[in-house]
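Now for the letters of each chain:
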Amino acid sequence: MVETQRPGRPVANRSHGQWAVDGTTPLNGNERWKQEDGGLAVRQRILDTYSRDGFASIDPTDLHGRFRWWGLYTQRRPGIDGGKTATLEPHELEDEYFMLRVRIDGGQLTTEQLRTIGGISVEFARGSADLTDRQNIQLHWIRVEDVPEIWRRLEAVGLGTTEACGDVPRVVLGSPVAGIAADELIDPTAVIDEITQRYIGIPELANLPRKFKTAVTGHPSLDVVHEINDVAFVAVRHPELGVGYDLWVGGGLSTAPRLGERLGAFVAPERVADAWLGVASIFRDYGYRRLRNKARLKFLLADWGAARFREVLETEYLGYALPDGPAPEQPATPGDHVGVHRQKDGRAYIGVAPTVGRVDGPTLVALADLLEAHGSRRLRTTPHQKLVLLDVPEERVEQVVAGAAALGLSATPSPFRRSTIACTGIQYCKLAIVETKDAATRAIEQLEQRLAGVEVGAPISLHVNGCPNSCARIQTADIGLKGQLLPDGAGGQQPGFQVHLGGGLVSTDRDEAGLGRTVRGLKVTADDLPEYVERLVRRFMADRDGGESFAQ
Ligand code: SF4
């Protein structure tokens, strides 16, 4: 058993213009406040002062900076149209209410936890609840006065918001069927627990250049979109060393998308936490901090290359060489786990699809009741804005499927309901230009009617973003839509989308995966979206060659 390292002291005075956390001047404003008084420190001020004295008492740097370390963002003030997003100051765009992100590492939830989140939603969040594409649940309309009570309730059931946002190690994506699926190579739960219990919320890793995203899977469907994470561990079978993980680094989307790269290194399960810490520490010590839009790990990897990155990891951080290892195999099944599947213990797991991840507090509570009534006490969130219901006895499957469907959670969704995801959009997001969730829902409903009876075959993924950022991963979708305003023909503007086509993560080798391409000049208004997608799907089906996928 390899003893897991403690985080070392930050290494100062690295080259390449970055600033180590105990490092050099001049720091920019963002780096200065992070160094002077880190994001974790604001928790006590929320508990002692801000929750008592209200929104107006919040220090602006806390409000727009440190609050994120505790999963809190101010939400967009209602009624401000997308044309003003770029022209108004942040304080003019924001409301006195917060989005609160509940961190759910590995997407693992008990029914007690689900009921707690649902109850908080009903009592403090006007019933709002969105499943995110990083396995979290986000609530809206949160008042700072209520945050201590919300934390108390979450923490009483083992949940929290620690480092749910901010320049920190974010939620660890984990296979939604970890420890469950009959066909998994290895259960990554222990690895996820070790990383989160040792390294989340500690000062040594609470000031990274920017966010640091992690994914771990032991399932052959490659179900955690590992290619777009800063670090990912993907289960593989080594011919001599048995089952362990293939190490990927440097993926990320946003406005400068880049798929992660394999380092060609095999990581034994008991060494994953070490390797994770090494990669996170490289990011902390060498990562670029001067410009926030160049501060993700992918830019360092692009400059260094995979070979140098691995060498630094092994020599400066691990103190030992990692063996070479194989790449993951091409997945045979989609990784969204929708539908009914057999568990390794003979019971069933059921993947269900809420529409674009939008649920609500009463639905979460009712789902917890439904599961418990049929003998299940566990479920998972997925990186596709879906839910997987676990431990359903075979004789109860039909009843659970019917009960979930009555809650709007279908186990047999149409290809469009199954594969459409949408970001938060203009309803709550201060960066948004257009509305997303309702536009995507309308598109799904119309496509289900327009293409009723048409055998579409494999799901066609439709990802809808409200701005040029890529919270809904537009570059990895068959049809990716990037929100922007378009001329309305009468001198004004209307909401619409820039189209990306042909993205897809085939997931085993970076050279084979693909990011969607912007189709030059191709834009569609929000109103025309269903018709446009219908045309595209019909044309694809008429022209496709055998089993060709949309991405090809
Ligand atoms: Fe907000 Fe843009 Fe992200 Fe959507 S993609 S949630 S609009 S920042």
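- In the annotation of an unreviewed UniProt entry, the protein is listed under the name assimilatory sulfite reductase (ferredoxin) and assigned to Amnibacterium endophyticum.

**Remarks on the overall build of the protein**
Inference 1: If you tally the helices and strands in the protein, you get 15 helices and 20 strands.
Inference 2: For 552 residues, the compact-globule estimate of 2.2 N^0.38 gives 24 Å, and the protein sits close to it at 23 Å.
Inference 3: Relative to its 552 residues, the protein shows a buried fraction of 53%.
Inference 4: Restricting to contacts in the protein with at least 6 residues of sequence separation, those with at least 24 account for 70%.

**What to know about helix H8 (residues 272-286)**
Inference 1: Here H8 contains 15 residues, and its C-alpha end-to-end distance of 21 Å stays within 8% of the 21 Å for a straight helix at 1.5 Å per residue.
Inference 2: The buried fraction of H8 amounts to 15 of the 15 residues, a majority that puts the element mostly inside the structure.

**Digging into the site of the ligand**
Inference 1: Neighbouring residues of the ligand: Cys423, Thr424, Gly425, Cys429, Leu431, Ala432, Asn465, Gly466, Cys467, Asn469 and Cys471.
Inference 2: Class assignment for the residues of the shell around the ligand results in six nonpolar, five polar and no charged.

**Some thoughts on the sheet that holds strand S15 (residues 387-392)**
Inference 1: The strand order across the open sheet formed by five strands is S3-S14-S15-S12-S11, and the pairing between neighbours is antiparallel. Bordering the open sheet on either side are strand S3 (108-110) and strand S11 (339-342), each of which pairs with just one other strand. Ignoring which end each strand starts from, the neighbouring axes of this sheet average 25° apart.
Inference 2: Across four bridges, the pairing between strand S12 (residues 348-352) and S15 is antiparallel. Its bridge partner being in S15, valine 352 is matched across the sheet by leucine 387.
Inference 3: Relative to the sheet, helix H12 (residues 397-406) contacts S11, S12 and S15, its axis offset from that of S12 by approximately 15°.

**Description of the UniProt feature "coiled-coil region" (unreviewed entry) in the protein**
Inference 1: UniProt records the feature "coiled-coil region" (unreviewed entry) for residues 430-457 in the present numbering.
Inference 2: Taken end to end, residues 430-457 has its terminal C-alpha atoms 37 Å apart, with 50% of it in helix and 0% in strand.

**Here we look at the pairing of S15**
Inference 1: Burial within S15 is extensive, with five of its six residues counted as buried.
Inference 2: As judged from the three bridges shared by strand S14 (residues 378-381) and S15, these two strands associate in the antiparallel manner. If you follow threonine 381 over to S15, its bridge partner there is leucine 387.
Inference 3: In this antiparallel pair of consecutive strands, S14 and S15, the connection spans five residues, and glutamine 385 shows a positive phi of 60°.

**Section: the sheet that holds strand S7 (residues 212-217)**
Pairing between sheet strands relies on hydrogen bonds along the backbone, with the strands arranged either parallel or antiparallel.
Inference 1: Pairing is mixed across the open sheet formed by five strands, whose spatial order is S6-S7-S8-S9-S10. Looking at strand neighbours, the two that pair on one side only are strand S6 (169-174) and strand S10 (261-267), the edges of this open sheet. Across this sheet, the average inter-strand angle for adjacent strands is 25°, counted without regard to direction.

Definitions and limits used
Residues numbered from 1 in each chain as written. Predicted model: local features only at pLDDT ≥ 70, side-chain atom pairs only at ≥ 80, totals over all residues. Helix = DSSP H or I, 4+ residues; strand = E, 2+ residues; numbered from the N terminus. Rg over C-alpha atoms; globule rule 2.2 N^0.38 Å. Buried ≥ 20, exposed ≤ 12 C-beta atoms within 10 Å, placed from the backbone. Contact = placed C-beta atoms within 7 Å. Expected span 1.5 Å × (residues − 1). Near = placed C-beta within 6 Å. Nonpolar A, V, L, I, M, F, W, Y, C, P; charged D, E, K, R; others polar. Pairing = 2+ DSSP bridges. Axes fitted to C-alpha atoms, helices over the stretch in contact; angles between N-to-C directions. UniProt positions renumbered as here; feature names shortened; annotations may be inferred.

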